[in-house]
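Listed below are the residues making up each chain.
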Amino acid sequence: MDTKFIGKKSAAAGGWGALKSCGKRLLQSGMPISGARTMLKANQPDGFDCPGCAWGDPEHGSSFEFCENGVKAVAWEATEKRATPAFFAERTVSQLRQLTDYELELNGRLTHPMRYDAASDRYLPVAWEDAFAEIGSILTGLDNPNRAEFYTSGRASNEAAFLYQLFVRVYGTNNFPDCSNMCHEASGIAMRQAVGVGKGTVLLEDFEEADTIFVIGQNPGTNHPRMLGDLRRAAIRGARVVVFNPIRERGLERFSDPQDKVEMLRGGSTDIASLYLQPQLGGDMAAVRGMAKAVLAAEDAAVAAGLPSVLDHAFLAEHCAGLAEYRAAVEATSWTEIEDQSGLSRQEIERAADVYLNAERVICTWAMGVTQHLHSVATIREIANFMFLRGNIGRPGAGLCPVRGHSNVQAAIGAMLDGSAEAFIGLGGNFARATPDSALVEKALRRLKLTVHIATKPNHSHLMPGETAFILPCLGRTEIDLNAAGNSQLISVEDSMSMVHGSAGINRPASPHLLSEVAIIAGIAQATVGSAVVDWAELAADHERIRDHIEATIPGFENYNARLRKPRGFHLRNTAAHREWDTPAGKASFSSEALPDETVHQRARKGEGRFALQTFRSHDQYNTTVYGLDDRYRGVYGERQVIFIHPADLTAMNAGAGDRVDVVGEHDDGIERIAENFRFVPYDIPRGSIAGYYPELNVLVPLGSVGRESDTPTSKSIMVSFRRRTAA
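Residues numbered from 1 in each chain as written. Predicted model: local features only at pLDDT ≥ 70, side-chain atom pairs only at ≥ 80, totals over all residues. Heavy atoms only, no water.

Caption draft 1: Representation of the overall build of the protein chain. Looking only at helices and strands, the protein chain has 29 helices and 29 strands in total. Relative to its 728 residues, the protein chain shows a buried fraction of 62%. For the protein chain, the exposed surface amounts to about 26700 Å²; the carbon and sulfur share of it is 50%. (Helix = DSSP H or I, 4+ residues; strand = E, 2+ residues; numbered from the N terminus. Buried < 20%, exposed > 50% of the residue type's maximum accessible area, 1.4 Å probe, protein only. Areas by Shrake-Rupley, 256 points an atom, 1.4 Å probe, with all protein chains shown as cover.)

Structure (structure tokens):
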């Protein structure tokens, strides 16, 4: 039994471990000094927006507005390593497929546009003009524009995304599968139904005024570490932080701020969670319904005793619709049902409700632990219901905060598989590794007439070429973008708090052959639709002209260019934050939906040896980008093919730490899905629930298993079983 990969977990998130990790990544990039200098311009008014996450920047910014993940992201992009034409000449695509995601991207930055040559099974260099011309020829040769799919990564700038959609709509289709389909589509749908706007209602400054913060289905320590600084400051000033997460995550337990010299020198840390509850996978809606039930019971008791009301009746009367129906739904939900579905006791849920009842200003945040379930939209509606009860929306220090983002990725894959789609263009990202049902996605991409990937580094999506395939290398966020006139171009981005701010690269491009995303889109557009309707060259030469078009098209972007150049940019007004409700009822709307008939963990326990699996990131990872093979917050080192499982479940299976298994998907569509050769890691997780890393486990996520209304992959509720393997 090999357990050498299982080691000590960090005592706290951040701390000296974070600084050591930053140094390691900068050294690995081959540019430690320039990389460190680059970080000093991250999230600064005269610098670039960190590509590490979308957490907001404070109005009163500090000297250092970056975190460990930001350093990793910048080091990953600013590496000295290059994937030149010689790299592709040395290996066939079939050979490159044998590399892991980590090994493949370690080869560095792409330097030249490349075209796939099927005869040699290699990518060969191609001139930009020839690439654009051939792509345009194939797109115009399709018998219907709807036969092409245009995918967008969340890292694209506002300017690139706007130009992309403009090109595609002029071309004649609305096929825009978006990376947020796999993340926060459910949040947008649920919040539009509940409050009339699909984005969070809080500013970063609200975290300074909140006296309670609920964190549901979210792991800030790995996914957006700068949020930990705001949670830490809230905890220090006495705010309560209530966590609902099946897994004990170190960053939500305690955090040592690397920018706090005293805390670092003393080796101290700050407790984050005041109350940490571990529901079963898919049990969040029941847990929130239970808290609402406790709040309404407290209201009834207060009324009976002649005490002040615990509900915000003024807010409910003026601003809300559907309260009576919701109360009836809550009363019809028994505590037995709530406890069974949530995996929490009534006492635990009532403790969380008591924190809410004693708070004046509450923020509720959530992420993919909530959105990637079958009933994710209903769960987010329930969160909104809960927050309405005491008027915790539309006032300082209170509100809804998905941490966070549109169209349908699953439909795009289905269209590729059935032949109705014949071309795919990816603006950034790693489509094949981010999507569910990995084997089906590879099959879908390779049967296309055309695949085009706009990227900074080689990734596995590039190794699934269509009949004609291109890799088009673009500038990174940290690099200077000079137009034909020699002027540096500014792009803009929007964060989780709807703040729009500028970003300007400061590093020399990795190759003189790189083009910006905007220039690549303009080149493809010119070759495909010509310039009769839009002068693509003019827009590519001046991003301010693109922003003029955005200003003229999208509400909230008035005086775009002028406001963008102000420090920290500007805020896009959120109507719900001002208690203006763009809903059919004209008010904040309660949902009276019943709890799901059955969640994944309830189904799993009906079968012998079945478990409910969720996928998540390691600490050395951002989305599908793997920076390293360690996950020190969870105590796993040098290994990614692992399954986190409760020790008692291991005992019940007569298995132990380090034992090897194949993980078998249990879905009713007749397709065999197996993730081979994973090893057990005992962990603090509810019995019957297990967890492991994506993209390695995406092969188990059925394409047809999606959230109701959202069509988001159910990556947090996968039914699986195990097959034992003999030791290698």
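Moving on, there is more to tell.
Caption draft 2: Representation of the state of the cysteines. Applying the stated rule across the entire model yields zero disulfides. This cysteine, Cys 401, is not joined by any disulfide, and Cys 364 carries the nearest cysteine sulfur, 9.0 Å off. (Disulfide = S-S within 2.5 Å.)

Caption draft 3: Quick peek at the pairing of strand E8 (residues 240-244). Burial within E8 is extensive, with four of its five residues counted as buried. As defined by bridge partners, strand E7 (residues 212-216) adjoins E8 across five bridges and the pair is classed as parallel. Each bridged residue has a counterpart across the sheet, and for Ile 213 the counterpart in E8 is Val 241. The pairing of E8 with strand E11 (residues 275-277) spans three bridges and is classified as parallel. Bridge pairing in E11 places Phe 244 opposite Leu 277. (Pairing = 2+ DSSP bridges.)

Caption draft 4: Geometry of the packing of helix H8 (residues 158-171) against helix H26 (residues 543-553). Running from N to C, H8 and H26 point in directions that differ by 70°, and their axes come no closer than 10 Å. When the interaxial angle is binned, H8 and H26 end up roughly perpendicular. At the point where H8 passes H26, the crossing takes the left-handed sense. Here Asn 158, Glu 159, Phe 162 and Leu 163 of H8 lie close against H26, whose contacting residues are His 543, Ile 546, Arg 547, His 549, Ile 550 and Thr 553. (Axes fitted to C-alpha atoms, helices over the stretch in contact; angles between N-to-C directions. Parallel < 35°, antiparallel > 145°, perpendicular 65-115°, else oblique. Left-handed = near helix turned anticlockwise from the far one by under 90°. Contact = heavy atoms within 4.5 Å.)

Caption draft 5: Representation of the pattern of salt bridges in the model. In this structure the tally under the stated criterion is 38 salt bridges. Between Arg 679 and Glu 639 there is a salt bridge, and its shortest N-O distance comes to 2.7 Å. In this pair, Arg 679 sits in strand E27 (residues 674-682) while Glu 639 sits in the loop between strand E24 (625-626) and strand E25 (642-645), placing the two residues 40 residues apart along the sequence. With respect to class, Arg 679 is no different from Glu 639; both count as buried. (Salt bridge = Lys/Arg side-chain N within 4 Å of Asp/Glu carboxyl O.)

Caption draft 6: Just H26, in detail. For H26, the set of buried residues is His 543, Ile 546, Arg 547 and Ile 550. Summarising the axial view, the buried residues of H26 lie within an arc of 100°, below the 170-degree limit, and thus occupy one face. On its buried face, H26 sits against H8, strand E18 (491-494), helix H24 (517-529), helix H25 (536-541) and helix H27 (560-564). Two or three places before Glu 544, at the start of H26, stands the capping residue Asp 542, its side-chain oxygen 2.9 Å from that residue's backbone nitrogen. (Arc of directions from axis to C-beta. Polar contact = N/O pair within 3.5 Å; in protein donor to acceptor, adjacent residues only side chain to side chain.)

Caption draft 7: Quick peek at the packing of aromatic side chains. Taken as a whole, this structure holds 28 aromatic pairs when the rule is applied. Arranged with centres 6.3 Å apart and planes meeting at 35°, the rings of Phe 167 and Tyr 171 form a pair that is tilted. Here Phe 167 pairs with Tyr 171, and both are found in helix H8, just four residues apart, close to one helical turn. Both residues of the pair, Phe 167 and Tyr 171, belong to the buried class. Where Phe 644 meets Tyr 693, the ring centres are 5.8 Å apart and the plane angle is 75°; that geometry is what we call edge-to-face. Placement of the pair is Phe 644 in strand E25 and Tyr 693 in strand E28 (residues 689-693), with a sequence separation of 49 residues. (Phe/Tyr/Trp six-rings, centres within 6.5 Å; stacked < 30°, edge-to-face > 60°.)

Caption draft 8: Inspection of the sheet that holds E7 at higher detail. With respect to topology, five strands assemble into an open sheet ordered E11-E8-E7-E13-E14, the strand pairing being parallel. Both outer strands of the open sheet, E11 and strand E14 (399-402), are each paired with one neighbouring strand and no more. Ignoring strand direction, the axes of neighbouring strands in this sheet form an average angle of 15°.

Caption draft 9: Looking closely at unusual backbone geometry. Geometrically, the link from Tyr 694 to Pro 695 is a cis peptide bond, its omega value of 10° lying close to zero. In this fold, Pro 695 is placed in the loop between E28 and strand E29 (718-724). A positive phi angle, near 55°, is found at Asp 121, a position not held by glycine. Among the structural elements, Asp 121 can be located in the loop between strand E4 (114-117) and strand E5 (122-125). What makes Asp 121 buried here is its relative accessible area of 15%. Positive phi, normally seen in glycine, also occurs at Glu 709, with a value near 75°.

Caption draft 10: Main features of helix H7 (residues 128-141). Spanning 14 residues, H7 covers 20 Å between terminal C-alpha atoms, matching the ideal 20 Å at 1.5 Å per step. Among the residues making up H7, those that are buried are Trp 128, Ala 131, Phe 132, Ile 135, Gly 136, Ile 138 and Leu 139. Seen end-on, H7 carries its buried residues on one side only, within an arc spanning 165°. For H7, exposure combined with an orientation more than 90 degrees from the buried face picks out Glu 129 and Gly 141. If you follow the buried residues of H7, they end up packed against strand E6 (148-152), H8, strand E15 (423-427), strand E16 (450-455), strand E17 (468-473) and H24. (Expected span 1.5 Å × (residues − 1).)

Caption draft 11: Summary view of the side chain of Glu 639. Note on Glu 639: relative accessible area 17%, which makes it buried. At 2.9 Å, the side chain of Glu 639 and the backbone nitrogen of Gln 641 are in polar contact. Only 2.7 Å separates the side chain of Glu 639 from the side chain of Arg 679, close enough to count as a polar contact. Those residues within four positions of Glu 639 in sequence are excluded, and the remaining contacts are Phe 5, Leu 629, Arg 679 and Tyr 693.

Caption draft 12: Highlighting the sheet that holds strand E20 (residues 570-571). In space, the three strands of this open sheet follow the order E18-E19-E20, with antiparallel pairing throughout. Only two strands of the sheet have a single neighbouring strand rather than two, namely E18 and E20. Note: strand E19 (residues 499-503) against E20, two bridges, orientation antiparallel. Paired with Met 499 across the two strands is His 571, which belongs to E20. Sitting on the sheet, H8 touches E18 and E19, and the angle it makes with E18 is about 95°.

Caption draft 13: Quick look at the pairing of E6. Along E6, five of the five residues are buried, which leaves the element largely enclosed by surrounding structure. Residues Ala 148, Phe 150 and Thr 152 line one face of E6 and the alternating positions Glu 149 and Tyr 151 line the opposite face, and both faces are buried. In the sheet, E6 pairs with E15 via five bridges, with the strands oriented parallel. Along E15, the bridge assignment pairs Phe 150 with Ile 425.

Caption draft 14: Highlighting the nonpolar core. Membership of the largest hydrophobic core comes to 59 residues, with the highest contact counts inside it found for Val 195, Phe 214, Phe 244, Met 291, Trp 366, Phe 388 and Leu 400. With nine residues, helix H14 (residues 284-305) is the single largest residue contributor to this core. Of all hydrophobic cores here, the second largest spans 49 residues; its members include Ala 156, Phe 167, Tyr 171 and Val 452. (Core = buried A, V, L, I, M, F, W, Y, C linked by side-chain atoms within 4.5 Å.)

Caption draft 15: Expanded view of the environment of Ile 189. Within the secondary structure, Ile 189 sits in helix H9 (residues 185-195). Sequence separation between Ile 189 and Ser 376 is 187 residues, and the spatial gap between their C-alpha atoms is 10.0 Å. Here Ile 189 is in contact with Val 377, Glu 709 and Ser 710, once residues within four sequence places are set aside.

Note that every value here comes from positions in space, so none of it alone points to a role or purpose.
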